[in-house]
Amino acid sequence: MKRLSLEERWNLIERITQKVVKSGKYKYKLKDAIGEITVRPLTGIPIAIAVLYGFWSIFGSFAGTLCTDGFLVKLFDAHWLPWIQNHFPQSPHWLYYLLVGDPTATNSFEAFGALTSGLFVPFGVVLPAIFIFYLMITLLEDVGYMPRLAVLVDTVLHKIGLHGFAIVPSILALGCNVPAVAATRVLETRKQRFMMMALLGVFIPCGAQIGIMQDVLPHYVGPIMLYLLLGYFVFGFILNKIIPGKSPEILIDIPPYQMPTRRNVTRKVKMRVGGFLKTAVPFVLLGCIVVGILYIAGIMDWLAGAFAPILTKWFGVPKETVGPLIAAFLRKDLAVAQLTAIKMTKYQLMTSVVLISIYFPCLATFAMMLKEGWRELLGALAVLAIASFAWGGLLHLIWILMGSA
Amino acid sequence: MNEKLAKTYFGILGIATFISGIVDLIVTFGGGNFSYGILQIPNDGFRGGWGGLVVLSAGFFYLSGIKKISQIRQFAKVAAGSILIWVMAGTDVFGMICSSIPGPEDGPWFNTLGGFLGTYAPPYPPAIFLLPFSFAVIYYVGKYFRTANK
């Protein structure tokens, strides 16, 4: 390729500018007026509430009602599970247990084999949830709503030392924490990046986990999310006070509202869903096998006994929760699914789900945090150790005060 | 734009929408069920509580936009009110479509024709009733563009 001189470059810029830039008096349009009301707090907040309502309503109807409950549960529980239970050779027993799981299980959530739960979790529950989540996020980005949301939440996020653009990694984390950790680079200072990484690793459940929560305990997803959101702000406020460093102001360039193009949306969704599957499926399969080995070797029973005092006294959950907590290190969605096999009250179930969310980031996120620097990783781990004890214990205390524990 | 007509129309629609939102919230926080003929107020925290807040906001947008409605900034509020109704009713309709396609839990893969059509039978939530009235804003948007392009 020919290298252009400085003059040639300026000439090229001039020619492109003449083709694409129109000059003249700008006429204020209806879409500008609508754009304006979406960033003013008095009118922008109700619009943001409506956008989020639409987002979660479509998420629940498509992923939960139509795909998972409508077809995929039927496919896995009524066809795939009985077929594999009957056709997989029973001997050797350990191989059957690792790949098919519990032979008496009647649904794919509780079987816990690599070929049963290991396939049902990523393809039966998580894939539709992640697909619709990324489709909606992409549409909001391409329409031009996300920068407006950043402006709208800027004041609130400044209270915890972040700024409006922190909404980007926060919302991305609701899909998957891995790209969200990468997205913390939009924040300027080291303090802000560290805070964001710690907060999203602890208090923001990923789309896969939300998808499973929606299936396992649909009526409690709202309260759990609110409790985690509260933790996000409380710990954000504390971290902002104790961590040295600056939280500068930002200038955001807001693009006009525009129609998203099908090509862009398709490419973005394809790339994001593909990336998620590459990360998720191997970890879910590995998680099923590792947890299965720990059960067969009796290590899980030993761990349950060792951690029983902390789990039962401090957090108020059954000691068997240790299994899902270990699985949560590999995949949090898998861990929430595993909770369904443990007998517990709805309050214990809610505490267990909160614990799974806050006690440790999944392995993929952990690796991504390590990429950002080991100091940041160690700091984030210290934050989440304190946060999980404090926030998990507080929830147990709330249940005691309510007379529910 | 016939300002007086638009003002009256969106004023009445705003009041109806605002009242619907308040009723949604009262029914949800009261914990009871409300069904009258073909109207049903959802009483769950998500659709009744959060959704009620959206309907209430739509009413607020209509009412705050009717003063000097021919001004673009004011008309944008009225348009936003309709957009909020479309979000509510659109998600309700989408929910119906999603539950109408698959068959029952222990039945065939797809719903029967009777079951499919039955999903769309009344009662409906308030946003569905407000939906056709909210479309009037499209007429005014078209009128606005025709005037702006002259």
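Residues numbered from 1 in each chain as written. Chains lettered and ligands numbered in written order. Predicted model: local features only at pLDDT ≥ 70, side-chain atom pairs only at ≥ 80, totals over all residues. Heavy atoms only, no water.

### Concerning the overall build of chain A
Per the secondary structure count, chain A includes 19 helices and 0 strands. Expected size for 405 residues packed as a compact globule is a radius of gyration near 22 Å; at 24 Å, chain A falls within 12% of this value. The C-alpha extent of chain A, read off along each of the three principal axes, is 75 × 50 × 45 Å. For chain A, the proportion of its 405 residues judged to be buried stands at 52%. In chain A, the share of contacts with a sequence separation of at least 24, taken over all contacts with a separation of at least 6, comes to 75%. By element, 68% of the accessible surface of chain A is carried by carbon and sulfur atoms, the whole surface being about 19,400 Å². Of the side-chain charges in chain A, 35 are positive and 21 negative, and the distance between the mean point of each set is 6 Å. (Helix = DSSP H or I, 4+ residues; strand = E, 2+ residues; numbered from the N terminus. Rg over C-alpha atoms; globule rule 2.2 N^0.38 Å. Buried < 20%, exposed > 50% of the residue type's maximum accessible area, 1.4 Å probe, protein only. Contact = heavy atoms within 4.5 Å. Areas by Shrake-Rupley, 256 points an atom, 1.4 Å probe, with all protein chains shown as cover. Lys, Arg positive; Asp, Glu negative; His and termini not counted. Charge placed at Lys NZ, Arg CZ, Asp CG, Glu CD.)

### Things to note about the overall build of chain B
If you tally the helices and strands in chain B, you get 6 helices and 2 strands. Listing each helix as α and each strand as β along chain B from the N terminus yields α-β-β-α-α-α-α-α. Residues counted as buried form 43% of the 150 residues belonging to chain B. A total accessible area of about 7,800 Å² is found for chain B, and carbon and sulfur atoms account for 69% of it.

### Examining the interface of chain B and chain A
With 37 residues of chain B in contact, the opposing surface of chain A contributes 29 residues. When the buried area of chain B at its contact with chain A is split by residue, W50, R73 and W109 of chain B rank highest and sum to 22% of it. Put simply, chain B and chain A have 1 salt bridge between them. For R73 of chain B, the salt bridge is made with E36 of chain A, and the minimal N-O distance between the two is 2.9 Å. Viewed at the interface, chain A and chain B are joined by 6 residue pairs in polar contact (both at pLDDT 80 or more). Of all the secondary structure elements, the ones that give two or more residues to the side of chain B that touches chain A are helix 2 (45-65), helix 3 (72-100) and helix 6 (136-149) of chain B. Ranked by residues supplied to the side of chain B that touches chain A, first place goes to helix 3 of chain B with 16 residues. Its residues placed into classes, the side of chain B that touches chain A shows 26 nonpolar, 7 polar and 4 charged. (Buried area = accessible area lost by both parts, 1.4 Å probe. Salt bridge = Lys/Arg side-chain N within 4 Å of Asp/Glu carboxyl O. Polar contact = N/O pair within 3.5 Å; in protein donor to acceptor, adjacent residues only side chain to side chain. Nonpolar A, V, L, I, M, F, W, Y, C, P; charged D, E, K, R; others polar.)

### Considering the pattern of salt bridges
If the charged atoms of two oppositely charged side chains come close together, the side chains can form a pair. All names here are of chain A. In this structure the tally under the stated criterion is 6 salt bridges over all chains. In this structure, K268 engages D142 in a salt bridge whose closest nitrogen and oxygen atoms are separated by 2.6 Å. Separated by 126 residues along the polypeptide, K268 in helix 13 (residues 262-296) and D142 in helix 6 (residues 117-143) bring together distant segments of the chain. Relative accessible area serves as the criterion here: at 26%, K268 is assigned to the partly exposed category. Looking at D142, the relative accessible area reads 12%, which means it is buried.

### Brief notes about helix 13 of chain A
Since there are 3.6 residues in each turn of an α-helix, residues three or four apart along the chain are aligned in direction. For helix 13 of chain A, which comprises 35 residues, the first-to-last C-alpha distance of 50 Å matches the rise-based estimate of 51 Å (1.5 Å per residue) to within 8%. Directly beyond the C-terminal end of helix 13 of chain A, a positive phi value near 80° is found at G298 of chain A. (Expected span 1.5 Å × (residues − 1).)

### Thoughts on the nonpolar core
By size, the foremost hydrophobic cluster in this structure holds 154 residues, and its most contacted members are L162, F203 and Y232 of chain A together with F10 of chain B. Broken down by element, the residue count for this core peaks at 13 residues, all from helix 3 (residues 41-87) of chain A. (Core = buried A, V, L, I, M, F, W, Y, C linked by side-chain atoms within 4.5 Å.)

### Here we look at the confidence of the model for chain A
Confidence in the prediction for chain A averages 86 pLDDT; 99% of positions are at 70 or higher. Model confidence for chain A, summarised as mean pLDDT per element, is weakest for helix 18 (residues 363-372) of chain A at 74 and strongest for helix 3 of chain A at 92. (pLDDT = per-residue confidence, 0-100.)

### Examining the packing of aromatic side chains
Each aromatic ring pair is summarised here by two numbers: the centre-to-centre distance and the angle between the ring planes. A full pass over the atoms with the stated rule returns 28 aromatic pairs over all chains. The structure contains a cluster of three or more aromatic residues connected by ring pairs, namely F55, W56, F59, F133 and Y134 of chain A. One cation-aromatic arrangement involves R148 of chain A over Y257 of chain A; the distance from NZ or CZ to the ring centre is 3.9 Å. It is R73 of chain B that lies over the ring of Y28 of chain A; its NZ or CZ is 4.4 Å from the centre. (Phe/Tyr/Trp six-rings, centres within 6.5 Å; stacked < 30°, edge-to-face > 60°. Lys NZ or Arg CZ within 6 Å of the ring centre and 35° of its normal.)

### Brief notes about the side chain of T321 of chain A
All names here are of chain A. Along the chain, T321 falls in the loop between helix 14 (299-314) and helix 15 (322-330). Residue T321 is classed as buried on the basis of its relative accessible area, which comes to 0%. When residues no more than four places from it in sequence are discounted, the contact partners of T321 are L339, I342 and S352.

### Section: unusual backbone geometry
Residue and element names in this part refer to chain B. The residue after P122, namely P123, is reached through a cis peptide bond having omega 10°. With respect to the helices and strands, the residue P123 is situated in the loop between helix 4 (113-118) and helix 5 (126-134). Although it is not a glycine, K68 adopts a positive phi angle of roughly 50°. Here K68 lies in the loop between helix 2 and helix 3. On the basis of relative accessible area, K68 is assigned to the partly exposed category, the value being 47%.

### Things to note about a nonpolar patch on the surface
All names here are of chain A. The grouping of L4, L12, I16, V20 and V21 at the surface amounts to a nonpolar patch, some 420 Å² of accessible area in total. Turning to its location among the elements, I16 is positioned in helix 1 (residues 6-20). On the accessibility criterion, I16 (45% relative accessible area) is partly exposed. (Patch = residues over 30% accessible without salt bridge, like charges linked within 9 Å, V, L, I, M, F, W, Y side chains within 5 Å.)

### Brief notes about the environment of M271 of chain A
Residue and element names in this part refer to chain A. Along the polypeptide, M271 turns up in helix 13. Note on M271: relative accessible area 60%, which makes it exposed. C-alpha of M271 to C-alpha of Y134: the two residues are 137 residues apart in sequence and 9.9 Å apart in space.

### Remarks on helix 3 of chain A
Helix length check: helix 3 of chain A (47 residues) gives 61 Å between terminal C-alpha atoms against 69 Å at 1.5 Å per residue, more than 12% under. At T68 of chain A, helix 3 of chain A shows its largest bend, some 50°. (Bend = angle between axes of the 7 residues up to and from the residue.)

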